[in-house]
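Overview (structure and organization)
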Amino acid sequence: MPAEVLSIHTPALFEAAVTRAAALLRAGEAVALPTETVYGLAANAWDPAAVARIYAAKGRPAHNPLIVHVADPDLAAACAAHWPPHAALLARAFWPGPLTLVVPRSPRVPDIVTAGGPTVGIRWPQHPFMQAVIRACGFPLAAPSANLANRLSPTCAAHVLAQLGDVLPLVVDGGDCNVGIESTVVDVTGPVPRVLRPGMISAEAILAACPPGTGAPDGDHPPPQAGSTPRSPGQLDLHYAPRARLTVGTWSNEAELARLLADDRIDPARIWIVAHSSVPMSGRFPNVVLIPGDPEAYARALYGELHRCDEAGAERIVVEAVPEGTEWAGIADRLRRAASTVAS
Ligand code: TXA
Ligand code: MG
């Protein structure tokens, strides 16, 4: 049966959708909900059978842990064995928001959520609908991005419906996600916070929220750095990929771009160029996507554009490389993964 789809753009619709989503979640179902980063596929984090539905729906490997979503400090504390000092600082600075804190796990969090590991990722999302559902439920929601494993994250309800519409009871349509790429994941279990997955809260902003001196390099735990991405358990390179083969390149004119594509022998009609500064205008490349040149707007637009390239039948996507810099690190990371063909 196709998923029920509920909109939330009036107070009455919002309330009705909260009630419906919370009822399904209490009954042990997994449902797709909007968050400010990407859409999540949520289930009761205390209930291993409910969480198993998430893995089944996504085809997600069991070794990849889930993020638990909370909407108040007590619920966050209930998920953690204890709350490290950097967790307190970063939560105060960035919650609610697109930041996931990896902390020692409370025994109450089932193994299936953490993939058996000793830590749990916790996020207090900023999206008012997600917050309202968590409050109505009274339990935390385990929620990965609401896409099939190894595919692009959804940033609107249509993306969720295209991948999971036949297997979910409910998709709540909150419109386009405001951030557009997944949260920054930071491990705060060690002496220095470590960025495991860069995002729109930059390593620099994280360091700035920590006491002076936190950045001092420290053997096993280098300070958070833009562009450096230590491994998260189960974090596959092949994540976040569109169907079309994607490469990232730089060119200063169309001849250079044509040279980048010279070996491909693909019909130019099947090639999509995603550019933010050096935009081919001659018509030699019929499919050109102009994406905004500031990082926030770029992140908001990126997955939607890649989804559109896939839907349009692109065989090849060439994305103009983004600038260096900490505010671009999350975007550069997702482009690197989207370009990867190696599952590790
Ligand atoms: O913005 C987001 O984070 C979205 C929304 C729905 O909140 N969620 C999301 O979940 O992106 P997912 O499952 O697609 O990605 C979670 C990432 C994975 O790379 C996972 O390995 C990592 O977080 N992760 C989760 N728990 C972890 C843990 N205990 N230690 C290290 N990494 C962890
Ligand atoms: Mg994901």
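Residues numbered from 1 in each chain as written. Chains lettered and ligands numbered in written order. Predicted model: local features only at pLDDT ≥ 70, side-chain atom pairs only at ≥ 80, totals over all residues. Heavy atoms only, no water.

What follows concerns the packing of aromatic side chains. Evaluated as defined, the whole model comprises 3 aromatic pairs. Their ring planes at 85° and their centres at 5.3 Å tell us that Phe 14 and Phe 129 sit as a pair that is edge-to-face. Taken together, the residues Phe 14 in helix α1 (residues 11-26) and Phe 129 in helix α6 (residues 128-137) connect sequence positions 115 residues apart. For Phe 14, a relative accessible area of 18% translates into the label buried. Note on Trp 83 and Trp 95: the rings are 6.0 Å apart at their centroids and 50° apart in plane angle, and the pair reads as tilted. Of the two residues, Trp 83 sits in the loop between α3 (73-79) and α4 (85-94) while Trp 95 sits in the loop between α4 and β5 (99-104), which places them 12 residues apart along the sequence. (Phe/Tyr/Trp six-rings, centres within 6.5 Å; stacked < 30°, edge-to-face > 60°. Helix = DSSP H or I, 4+ residues; strand = E, 2+ residues; numbered from the N terminus. Buried < 20%, exposed > 50% of the residue type's maximum accessible area, 1.4 Å probe, protein only.)

In terms of nonpolar packing, the biggest core is built from 70 residues, with Leu 33, Leu 101 and Phe 129 touching the most fellow members. Considering each element in turn, this core owes the most residues, 7 residues, to α1. In contact with Leu 33, other than residues within four places in its own chain, are Ala 21, Leu 25, Tyr 39, Gly 40, Ala 42, Phe 129, Met 130, Val 133, Leu 141 and Val 172. (Core = buried A, V, L, I, M, F, W, Y, C linked by side-chain atoms within 4.5 Å. Contact = heavy atoms within 4.5 Å.)

Now for the side chain of His 127. Within the fold, His 127 resides in the loop between β6 (119-123) and α6. Classification of His 127 as buried rests on a relative accessible area of 14%. Within the structure, the side chain of His 127 is placed 3.0 Å from the backbone nitrogen of Phe 129, a separation counted as a polar contact. Setting aside anything within four residues of it in sequence, one finds His 127 in contact with Ile 8, Pro 34, Thr 35 and Glu 36. (Polar contact = N/O pair within 3.5 Å; in protein donor to acceptor, adjacent residues only side chain to side chain.)

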